[in-house]
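Structural features, examined
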Amino acid sequence: MAQRGIREYDAKKLLAERLPDYADDFDYDGQIALVTPETDLEVVAIKNPWVKKKRLVVKPDQLFGKRGAHGLILLDASWDEAKGYIQENMGREVLVGSVVGTLNTFLIEPFVPHEREEEELYVAIKSEGDRDVIYFSTRGGVEIEANWDSVTEISVEVLARPEELHLGERLPAELGEGRKMVGRFVEGLYRLYRDLGFAYLEINPFVIADGKIVPLDLVARLDDAEAFWQRRSWRGIEFPEPFGRALTREEAYVKEIDSRTGASLKLTILNPRGRVWTMVAGGGASVIYADTICDLGFAGELANYGEYSGDPSTEDTYDYTKTILDLLTREKDLEGRPKCLLIGGGIANFTDVAKTFKGVVMALEDYKERLRETGVEIYVRRGGPNYEEGLWIMRKLGERLGVPIHVYGPETHMTRIVSMALGGE
Amino acid sequence: MRMKGYKLFDRSTRALVYGFQTNAIQRMLDFDYLCNRSVPSVAAIINPNRAGIQKVFWGTEEILLPMYKTIPEAAAAHPSAEVMVNFASFRSAFDTTMEALGQPSIKTVAIIAEGVPERMARVMAATARKMKKTIIGPATVGGLAAGAFRIGNTAGTIENIVESKLHRPGSVGFVSKSGGMLNEAFNIIARNSSGVVEGIAIGGDRYPGSSLLDHILRFEANPQVAIIACLGEVGGTDEYRIVEALKAGQIKKPLVIWVTGTCSKILPGSVQFGHAGAKAQTDLETADAKNRALKEAGAIVPESFDSYGDEIRKVYEGLLAEGKVRKPEEPEIPKIPMDYAKAASEGIVRKSTNLICTISDDRGEEVLYAGKPLGRVLEDGMGIGGVIGLLWFKKEIPPWAAEFIELVLQIVADHGPAVSAAHNAIVASCAGKDLISSLASGLLTIGPRFGGAIDDAAREFKRARDAGLSPEEFVRDMKAKGVNIPGIGHRIKSVKNPDKRVELLIGYARENFERTDLLDYALSVQEITTAKKGNLILNVDGCIGILFIDLMGSCEVFDERDIDDVIRYGYLNGLFALGRSIGIIGHILDQKRLDSRLYRHPQDDIAYMLPEFE
């Protein structure tokens, strides 16, 4: 549960559909189409006849911004040009910031001609503890950060009632005759933001074309915890994976296990050739183990971030452990040092430690040969109900496996096994 | 007596628990008992589904806790309860918390639910602040005041509580975001100092109801606290408020703090840790930046989490040497009996059972019929006959035998409205009784005179044959006793007008049974009786009883003892009652649909023959 980015396409559709409930003169028509590798462009043209009649904008819709700066936007194009552009760029690998990813989703919408940059307006809404903050500027566009001193900041108490907002009156006077309409728009937008589960919304820019407000570029995040309440409003909206992170086969597998159980199983591979592999019980503890490995100067050696918690079944723990062991034992350390597996964790509340180790032990037994061949040392630290038996099981396992297993309980500081494993203590 | 503002809980704090969380409530009470509290910390339970009372353990004794359906009722009845531990789901956490905040007596609400929307969390937090009340959570296990009060499941098992010295106050005030790390923190603190005074987890969401700083300032004001310890987290800017408070001189006690999530710099940007708030959206929100700022502001920040405990130890030993803290007295710890279920699961206790069941088992994932999972029973198409084989005989009977049983059930299913069972059921139904009562009324007529002939026929014929009596001897013997041969004789049917049902049963048996000895014996008996009178034929009851014995004799899964059991325990009456229930229910439903009125037997149909009164 957290704030999740949504596609510009979905956000604009939501605005077109719902904003008129809040600002009745907002009649942005939501002419917009989404294209993925599976989309038949001819069908797009049938469903959206305007694509053949209007000049178009095409841009990737994959949760990254500054598309203009990256040369990833096609402006004022014909339908044929738009098709050509999409065909050329679909599946292309691009570098955005420091992230390499594949372009796979584009949006098409009508090109709104506007002569001067001064016509571009800026509005953003963000949540901040006891208040929401609305940022507004008449100098929107790509230079907004440089023009930040032009931004009006309007603060709204989180307990403020919708009828006491009067946001229009708090917009800058320089809007002139458009102030009333823009005021209704901003106030409507803010109320929609509150009611429909938004956590962040930025429209930069929007313009007034033919007396209508049209959002040109938009970024939105929703609070996915609201899904239960917003199931009607959000129908069809999905939360895409952030740009550039195609999951590895193993990560996808763990994600799949995670999605079908009530327990939490997480795996992120950082460096498949890394020497240190972690398998930590509990979300809080898993972060701290990764921290400590970094803080002690072994960030480069850390192979993965891994967490299992929420009382996973023996079978799921077994599958999860096997996935990690498989990755861990694919090759020896290039410099011939032992590889380390840290089976860590804090003190469990009510989870039976011996029971959760069952799946781990089964997997370790399966990988006995490969663990030996790869030269793996295992460090275990855990506490909680029945931990003595759990640790005893691990010690006995060491005798059978023929690889060193070092086992510790609550008397040893939680992360001490990191320095033991890596610091050569 | 009101507590000082810096204290949320003391040894007299009482709570309302929202949600029927029997385990958590028992854990709170066990903690109380461990701490030698004089009154239980749970005043009442709020259970929207049921009001009444709930029985709980207080040490070795059992006590009753009142249970209310609504928060206002509970608050009104228990004005001294200042805390609500809210176990409502993420869906109702907001409404229940807002309602609790509206009760003048409730000062603190702990919200356990995970997944409460951010806006709801912010509205709750702002409302609480406005009313000068405290929210702990959402998305937390809660927290505890050592030796005084425990929120729900905080700190896990009794063993862990004792191990981490939470049954009596120490000298450290601890606050973290993560509830999962609370146990570990209690352990670290207990091993490196005299333990905690209070430990709170504010929850891992982006907008917790109270902040790390809120609790740190309480600890600062609380004279029992000598050292403040805190675990922050990557994401959000809460820790900067601590930096400002440090700079403003609001925190004078030593503050040992570590912000977790320093590894986020090497993780790909998209990794979301378990906590919703744990994602840095600006450089300022990174763990490294926060740790740096805290250190610069004068907090004690270790090099890594690895030396967090060492830093606490240094501070504690320093204060001990200066005489600023004293080692606490170690109180005697009352022993809390282990729950029977736990002891049994660990093999520590045993007890003999009062009941035995050998036919079915509902404890596993799937119910077992005589050891066979129900799914397999259905897959194998065992039918009603097969299921009767499993549940009555604990045996898998062959399909031809199962089919015979089903044939019998169909044949006995009904015999019109006039027979005892149907008539009784109809009368009961007409008297306005419900279906089950009417059915029972009908079934109660089944016995020696009605339906019982099946059992009797099986028994008598088998007895005669086993005793080696010739059919003639048997008939003579029965006549000498003055007893009608059960299973022989029909009101209407006769040799010339045979009973179709009997023909059908015999035909099936001849075709499918390996042996029909008892039938053959019975037919020889019939020859003798029908010679006397045409309607003294083998009737359907007799036929069923006799053929059932032949069925068992033909079926290798049954032995002689099984056959004896069938006769001794009235299995065949069971078969009749089972089949006939179908018809009886039919008659009852029929009467219900007809909306029949009360039946009163006509007086002219009764011969009133009373003795003369003198």
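Above this note sits the structure.
Residues numbered from 1 in each chain as written. Chains lettered and ligands numbered in written order. Predicted model: local features only at pLDDT ≥ 70, side-chain atom pairs only at ≥ 80, totals over all residues. Heavy atoms only, no water.

Here we come to unusual backbone geometry. In this chain, N204 of chain A is followed by P205 of chain A through a cis amide linkage whose omega measures 5 degrees. Here P205 of chain A is to be found in strand β11 (residues 198-209). Cis geometry marks the peptide bond from G137 of chain B to P138 of chain B; its omega dihedral reads 5 degrees. Relative to the helices and strands, P138 of chain B is located in the loop between β7 (134-136) and β8 (143-145). (Helix = DSSP H or I, 4+ residues; strand = E, 2+ residues; numbered from the N terminus.)

This brings us to the sheet that holds strand β12 (residues 227-233) of chain B. All names here are of chain B. The six strands are arranged β9-β8-β11-β10-β12-β13 in an open sheet whose pairing can be described as mixed. Strand pairing shows two members of the sheet lacking a second neighbour, β9 (149-150) and β13 (255-260), which therefore form its edges. Note that β8 and β9 share two bridges and pair antiparallel. Looking across to β9, one finds that A145 is bridged to F149. (Pairing = 2+ DSSP bridges.)

Between chain B and chain A, the contact holds 53 residues from the first and 54 residues from the second. Summing the contributions of chain B and of chain A, the shared interface buries around 4,300 Å²; its carbon and sulfur component is 59%. The largest share of the area that chain B buries against chain A comes from R119, R122 and D306 of chain B, three residues that together contribute 16% of it. Put simply, chain B and chain A have six salt bridges between them. Between R122 of chain B and D132 of chain A there is a salt bridge; the shortest N-O distance is 2.5 Å. At the boundary of chain B and chain A, one finds 25 residue pairs in polar contact (both at pLDDT 80 or more). Here the side of chain B that touches chain A gets nine residues from one element, more than from any other, and that element is helix α4 (residues 118-130) of chain B. Split by residue class, the side of chain B that touches chain A holds 20 nonpolar, 18 polar and 15 charged. (Contact = heavy atoms within 4.5 Å. Buried area = accessible area lost by both parts, 1.4 Å probe. Salt bridge = Lys/Arg side-chain N within 4 Å of Asp/Glu carboxyl O. Polar contact = N/O pair within 3.5 Å; in protein donor to acceptor, adjacent residues only side chain to side chain. Nonpolar A, V, L, I, M, F, W, Y, C, P; charged D, E, K, R; others polar.)

Let's shift gears to a nonpolar patch on the surface. Together, M338, Y340, I348 and V349 of chain B give the surface a local cluster of nonpolar side chains, amounting to about 370 Å² of exposed area. The class for I348 of chain B is exposed, based on a relative accessible area of 52%. (Patch = residues over 30% accessible without salt bridge, like charges linked within 9 Å, V, L, I, M, F, W, Y side chains within 5 Å. Areas by Shrake-Rupley, 256 points an atom, 1.4 Å probe, with all protein chains shown as cover. Buried < 20%, exposed > 50% of the residue type's maximum accessible area, 1.4 Å probe, protein only.)

Right, let's get into the packing of helix α21 (residues 540-554) of chain B against helix α22 (residues 560-569) of chain B. Residue and element names in this part refer to chain B. Closest axis-to-axis distance for the α21/α22 pair is 10 Å, and the angle between their directions is 160 degrees. Of the possible angle classes, the one that applies to α21 and α22 is roughly antiparallel. For the element pair α21 and α22, the recorded crossing hand is right-handed. Between α21, through F548, I549, M552 and G553, and α22, the contact on the second element is made entirely by D562, I563, V566 and I567. Class assignment for the residues of the contact of α21 with α22 results in six nonpolar, one polar and one charged. (Axes fitted to C-alpha atoms, helices over the stretch in contact; angles between N-to-C directions. Parallel < 35°, antiparallel > 145°, perpendicular 65-115°, else oblique. Left-handed = near helix turned anticlockwise from the far one by under 90°.)

This brings us to the pattern of salt bridges. Per the counting criterion, the structure on display carries 74 salt bridges over all chains. Note that R119 of chain B and D132 of chain A form a salt bridge whose closest N and O atoms lie 3.0 Å from each other. Of this pair, R119 of chain B sits in helix α4 while D132 of chain A is found in strand β9 (residues 131-137), placing the two residues in two different chains. Pair check on accessibility: R119 of chain B and D132 of chain A agree, each one buried. In this structure, the salt-bridge partner of E163 of chain B is R191 of chain B, at a minimum N-O distance of 3.5 Å. Remark: R191 of chain B occurs in helix α6 (residues 182-192) and E163 of chain B occurs in helix α5 (residues 158-163); sequence separation between them is 28 residues. On the accessibility criterion, E163 of chain B (46% relative accessible area) is partly exposed. For R191 of chain B, a relative accessible area of 32% gives the class partly exposed. Here the salt bridges do not stand alone but share partners, grouping E8, K12, K59, R67, E109 and D217 of chain A into one network.

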